[in-house]
Amino acid sequence: MAEDMKTLEENFRQQNKSCFILGASGETGKTLLRELLERNIFSKITLIGRRQLTFEGKEYEKLAQEVVDFEKLDDHAAAFQGHDVGYCCLGTTRAKAGAEGFVRVDHDYVLKSAELAKSGGCTHYHLLSSRGADKTSNFLYLKVKGQVEADIEALGFDKYAIYRPGVLLVDRQESRPGEWLTRKFFGAFSSVCSTSMAIPIEAVAKAMVSNTLIQLEHKTEILENKKIASLGKSAGK
């Protein structure tokens, strides 16, 4: 499977496509960026965010960055133009931003960015969502995640992939209440057995990149935790 993936990478690389990443300052976004740079399948990678990011290493020198005000995204429509593929890892928590702030970031900012990307010519969109996302849920977090999934699907991208990982196994630079203990609990089992509730963040990034190379049978694809883990392994080491 790894050899097949290498062939897909080479074929995709020859198409000279470009992409953008939303949320590259977060743990998943940073890991995704490293994976994209390592596999080198895009001729250009643009980071779109609220501030300029600083990186060390020659591999980051060719990155383009667009600084935007998410409260005035229409004023930054040009930042979303000319990309073939979009990756959205943007998100916050209710604990950090409050209920209203959470909805604004995880729904409003995410949806508006997708709308501008679609208008700017993006045909493939990859959304990092969450296990249990459901627009009919009584829980705000899952409801918002499910609603933005549906709203972006309605935009009609040629290819739309939704990733619903479980608990992300990663040592965050920014501590969130309760996450450390949860990660330790699931991390203890992840090395000896698969779980539908947790996944290493590196596996998510690998799956997102690998899935970019694959032709889908349907325009919209939802990848649950086990599917993400399986696809992440297909990339090899």
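All values derive from a computational prediction rather than experimental measurement.

What follows covers the nonpolar core. Counting residues in hydrophobic clusters, the biggest one holds 35 residues, and the most contacted among them are Ile21, Leu32, Leu36, Phe42, Ile45, Leu47 and Tyr87. Secondary structure elements with two or more residues in this core: helix H1 (2-13), strand E1 (18-22), helix H2 (27-39), strand E2 (44-49), strand E4 (85-88), strand E6 (159-164), helix H6 (201-213) and helix H7 (225-234). With eight residues, H6 is the single largest residue contributor to this core. Setting aside anything within four residues of it in sequence, one finds leucine 36 in contact with Cys19, Ile21, Ile41, Phe42, Ile45, Tyr87 and Val209.

Let's shift gears to the packing of aromatic side chains. For the coordinates displayed, the defined rule picks out eight aromatic pairs. For the pair tyrosine 125 and phenylalanine 157, a centre-to-centre distance of 5.0 Å together with 20° between the ring planes defines the contact as stacked. On the criterion of sequence distance, the pair formed by tyrosine 125 in strand E5 (residues 124-128) and phenylalanine 157 in the loop between helix H4 (140-153) and E6 is long-range, its members being 32 residues apart. Phenylalanine 157 shares its class with tyrosine 125; the two are buried.

One open sheet holds the seven strands; their spatial order is E3-E2-E1-E4-E5-E6-E9, and the pairing between them is parallel. Lying at the two open borders of the sheet, with one neighbouring strand each, are strand E3 (64-67) and strand E9 (220-224). Shown here is a sheet whose adjacent strand axes are inclined to one another by a mean of 15°, direction ignored. Of the pairings in the sheet, the one linking E2 to E3 comprises four bridges and is parallel in character. Looking across to E3, one finds that leucine 47 is bridged to glutamine 65. The strands touched by helix H3 (residues 94-119) are E1, E4 and E5; relative to E5, the strand with the most contacts, the crossing angle is about 170°.

Now for unusual backbone geometry. The phi dihedral of asparagine 16 falls on the positive side, at around 55°, and the residue is not glycine. Looking at the element boundaries, asparagine 16 is found in the loop between H1 and E1. Owing to a relative accessible area of 56%, asparagine 16 belongs among the exposed residues under this scheme. The phi torsion at asparagine 40 lies on the positive side, around 50°, for a residue other than glycine. Following the sequence through the fold, asparagine 40 ends up in the loop between H2 and E2.

Evaluated as defined, the whole model comprises one cavity of 30 Å³ or more. In this structure, the largest cavity occupies an estimated 30 Å³ of space. Around the largest cavity, the lining residues are Leu90, Asp106, Val110, Leu127, Leu128, Ser129, Lys145 and Val148. For the lining of the largest cavity, the residue count by class is five nonpolar, one polar and two charged.

Of all residues in the protein, 87% have pLDDT values of 70 or greater, and the mean over the chain is 89. For the stretch residues 173-183, pLDDT sits under 50, and the model shows 12 contacts to residues farther than four places along the chain or on other chains. Predicted confidence for residues 186-194 stays below pLDDT 50, and this span has six contacts to residues more than four positions away or in other chains.

Definitions and limits used
Residues numbered from 1 in each chain as written. Predicted model: local features only at pLDDT ≥ 70, side-chain atom pairs only at ≥ 80, totals over all residues. Heavy atoms only, no water. Core = buried A, V, L, I, M, F, W, Y, C linked by side-chain atoms within 4.5 Å. Buried < 20%, exposed > 50% of the residue type's maximum accessible area, 1.4 Å probe, protein only. Helix = DSSP H or I, 4+ residues; strand = E, 2+ residues; numbered from the N terminus. Contact = heavy atoms within 4.5 Å. Phe/Tyr/Trp six-rings, centres within 6.5 Å; stacked < 30°, edge-to-face > 60°. Pairing = 2+ DSSP bridges. Axes fitted to C-alpha atoms, helices over the stretch in contact; angles between N-to-C directions. 1 Å grid on protein atoms, 1.4 Å probe; cavity = no way out; pocket = protein on both sides within 12 Å on 5 of 7 lines; lining within 4 Å. Points joined across faces, edges and corners; volume = space filled by probe spheres on them. Nonpolar A, V, L, I, M, F, W, Y, C, P; charged D, E, K, R; others polar. pLDDT = per-residue confidence, 0-100.

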